[in-house]
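Summary of structural features
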Amino acid sequence: MATLTSVVKVTDFILKTPVLAKAFVPLGKLFCEYAGYRQMGLRFDDLIAEESDVMQTAIRRLPPSESYARNFRMLTAHQCSFTHHLLPASKQLKAEDDIPYLTPYILEAEAEAAERELLDNIVVTPKAAK
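Below, the structure is looked at part by part.

Calculation notes
Residues numbered from 1 in each chain as written. Predicted model: local features only at pLDDT ≥ 70, side-chain atom pairs only at ≥ 80, totals over all residues. Heavy atoms only, no water. Helix = DSSP H or I, 4+ residues; strand = E, 2+ residues; numbered from the N terminus. Rg over C-alpha atoms; globule rule 2.2 N^0.38 Å. Buried < 20%, exposed > 50% of the residue type's maximum accessible area, 1.4 Å probe, protein only. Areas by Shrake-Rupley, 256 points an atom, 1.4 Å probe, with all protein chains shown as cover. Lys, Arg positive; Asp, Glu negative; His and termini not counted. Charge placed at Lys NZ, Arg CZ, Asp CG, Glu CD. Core = buried A, V, L, I, M, F, W, Y, C linked by side-chain atoms within 4.5 Å. Contact = heavy atoms within 4.5 Å.

On to the overall build of the chain, then. A tally of regular secondary structure across the chain gives five helices and zero strands. Starting at the N terminus, the α and β elements of the chain follow one another as α-α-α-α-α. Computed over its C-alpha atoms, the radius of gyration of the chain comes to 20 Å, more than 25% above the 14 Å expected for a compact globule of 130 residues. Looking at the chain residue by residue over its 130 residues, the buried ones come to 25%. Roughly 9,900 Å² of accessible area belongs to the chain as shown, and the carbon and sulfur atoms make up 64% of that amount. The distance from the centre of the 15 positive side-chain charges to the centre of the 17 negative ones in the chain is 5 Å.

Right under this line is the structure:
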């Protein structure tokens, strides 16, 4: 499974390459438009699976106000899903409001997990006696 760090690196590469950006940016916008998560009040970061340790760490690090807003968005989306209705247009999330609020915390937690993995697997060899 790809980490968010690798996804961010690929995204940066695509955005820095004009030919790739011309092809992928419109497709990405079209995908976000047709995915329908904004019509239920969700942000893109709300769609990331929460089952990994890295995600649990990132969610714990959210400020209380952002954590409350995330939970409220999730409950609203579940209610929309149960009733098979979408939010009214005035309450739907606009594209400019869909900013990554959780991504910095995920990248930080992934970096810490990678560092922990590296340090846990260090093999110490004793110096040879002179």
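Attention now goes to the nonpolar core. Nonpolar side chains tend to gather and get buried jointly when the protein is soluble and globular. If you look at the biggest cluster of nonpolar residues, it comprises eight residues: Leu4, Met55, Ala58, Ile59, Leu62, Tyr101, Leu102 and Ile106. Among residues more than four places away in sequence, those in contact with leucine 102 are Asp45, Met55, Ala58, Ile59, Leu62 and Arg70. Counting five residues, the second largest nonpolar core, distinct from the first, contains Cys32, Tyr37, Leu42 and Met74.

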